Amino acid sequence: MGKSDMSKYTIVTLEEVHSTNSYALEHIAFLDDKTVIFTSHQTSGRGRYNRHWISDNSENLYMSIVLKPENVSSYPFPNLTQYLSVSVCRVLENVFNLVPNIKWPNDILINGAKISGILAESSMENNKITGIVLGIGLNVNLPKETIEKIDQKATSISVLNQQNYDVEKILHNICDEFFSNYDAFVSNGFEYIKDEYIQRCSFIGQNITVREAEEKKQYFAKSIDNDGLLIVNDKFNNEYKIITGDVLC
Ligand code: BTN
């Protein structure tokens, strides 16, 4: 365990773990606010909706950020993953010269192929949140041959830039970006990232398919409101706000 240079967060490195999110949730009582769990191998990496997240190799980044906010009444819980997705996009753009897009609420795509996903979970005690865990999976050195075997349309930094990268350096890039603006985000909420988030949502102004629970519906994506919710129109021009779900595009 060691303090990062910015001394704003602590990284806990595990050689191998079932899932950095599960580990963080299991040890939440003993982990401080702004602790980051990092590993190069997960044996049971998990994605959203209980999907499996391939993590049995050290080619990619697997990390979880632990947050323990004190003032929960004004804390922007619903927008945390949106803030994190903006932070990851900034790193991909500034450090790797890539042009990432966000697929609401927090998948990160490049040229329509997924490069990163976020899994947010929380632990509760007596109806009170005792901690939040933000898990990030980022395809760093995943080779083209492996990607071709995966069903989902995916990509990696190495495929796009034709070279391999140091995964641990990227862990620091993301943590530095996330924590350097974290306090400002907590004070200002979604407003703090709204313009940039919308600008990075490539599907606004297009017809989209949204999966809500097991149902798939067609909409026109209009905008994102001040709370980060997706505003859509159905084919009869009725307006809805989508709170949870996945944009399938
Ligand atoms: C998704 O797009 O479905 C979210 C994927 C999140 C994967 C990361 S890898 C690190 C952390 N630990 C997990 O088990 N899952 C998240």
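Not measured: the values here are computed from a predicted model.

Chemist: Break down helix α2 (residues 80-94) for me, citing the residues and quoting the values.
Modeler: Taking 1.5 Å per residue as the helical rise, α2 with its 15 residues ought to reach 21 Å, and the 21 Å between its terminal C-alpha atoms agrees with that figure. Within α2, 13 of the 15 residues are buried, which leaves the element mostly enclosed by the surrounding structure.

Chemist: An account of the pairing of strand β11 (residues 230-233) is requested, with residue identities and associated values reported.
Modeler: Residues Leu230 and Val232 of β11 are buried on one face, and the alternating residues Ile231 and Asn233, pointing to the opposite face, are buried as well. As paired strands, strand β10 (residues 215-224) and β11 are joined by 4 bridges and run antiparallel to one another. Note on β11: the bridge partner recorded for alanine 221 is valine 232. Here β10 hands over to β11 after 5 residues, with glycine 228 in that stretch at a positive phi of 85°.

Chemist: Describe the sheet that holds strand β12 (residues 239-242), listing the residues and the values that go with them.
Modeler: The sheet built from 5 strands is open, its strands ordered β12-β11-β10-β9-β13 with antiparallel pairing. The strands lining the two open edges of the sheet, one partner per strand, are β12 and β13 (246-247).

Chemist: Now, about the confidence of the model for the chain: what can you tell me, with residues and values included?
Modeler: Within the chain, residue pLDDT values average 93, and 97% of them lie at 70 or more. Under a pLDDT of 50 for its full length, residues 1-6 has, in the predicted model, 11 contacts with residues more than four places off or in other chains.

Chemist: Before we move on, can you summarise the environment of phenylalanine 30 with the specific residues and values?
Modeler: Residue position: phenylalanine 30 is located in the loop between α1 (20-26) and β3 (35-39). Counting along the chain gives 169 residues from phenylalanine 30 to glutamine 199, while the straight-line C-alpha distance between them is 39 Å.

Chemist: Quick rundown of the pattern of salt bridges? Include the residues and the values.
Modeler: Scanning the entire structure with this criterion turns up 13 salt bridges. Sharing partners across several salt bridges, the network here consists of Arg90, Glu93, Glu177, Glu196 and Arg200.

Chemist: Quick one: what's the story with the packing of aromatic side chains, residue by residue and with numbers?
Modeler: Taken as a whole and assessed by the stated rule, the structure comprises 10 aromatic pairs. The interplanar angle of 25° and the centroid separation of 5.3 Å between the aromatic rings of tyrosine 9 and phenylalanine 179 together place this pair among those described as stacked. In this pair, tyrosine 9 sits in the loop between β1 (2-3) and β2 (10-14) while phenylalanine 179 sits in helix α5 (residues 167-180), placing the two residues 170 residues apart along the sequence. On the basis of relative accessible area, tyrosine 9 is assigned to the buried category, the value being 1%. Ring geometry for tyrosine 83 versus phenylalanine 185: centroids 4.5 Å apart, planes at 5°, classification stacked.

Definitions and limits used
All residue numbers here refer to positions counted from 1 along the written sequence of the relevant chain. This being a predicted model, a pLDDT of at least 70 is required before a residue's local features are given, and a value of 80 or more before pairs of side-chain atoms are given or counted; all residues contribute to the totals for chains, interfaces and linings. As a rule here, side-chain values come from all non-hydrogen atoms in the structure, and water together with hydrogens is ignored. Numbering of helices and strands runs from the N terminus, with a helix taken as a DSSP run of H or I at least four residues long and a strand as a DSSP run of E at least two residues long. Between the first and last residue of a helix there are one fewer steps than residues, each counted as 1.5 Å, and that sum is the expected span. Residue exposure (1.4 Å probe, protein chains only): buried if accessible area is under 20% of the type maximum, exposed if over 50%, otherwise partly exposed. In short, DSSP must find at least two bridges between two strands for them to pair. The predictor attaches a confidence to each residue, and that confidence, scored 0 to 100, is pLDDT. We call two residues contacting when some pair of their heavy atoms lies within 4.5 Å. We define a salt bridge as a side-chain nitrogen of Lys or Arg found within 4 Å of a carboxyl oxygen belonging to Asp or Glu. Aromatic rings from Phe, Tyr and Trp, taking only the six-membered ring of Trp, are treated as a pair when their centres fall within 6.5 Å; an angle between ring planes under 30 degrees marks them as stacked, one over 60 as edge-to-face, and anything in between as tilted.

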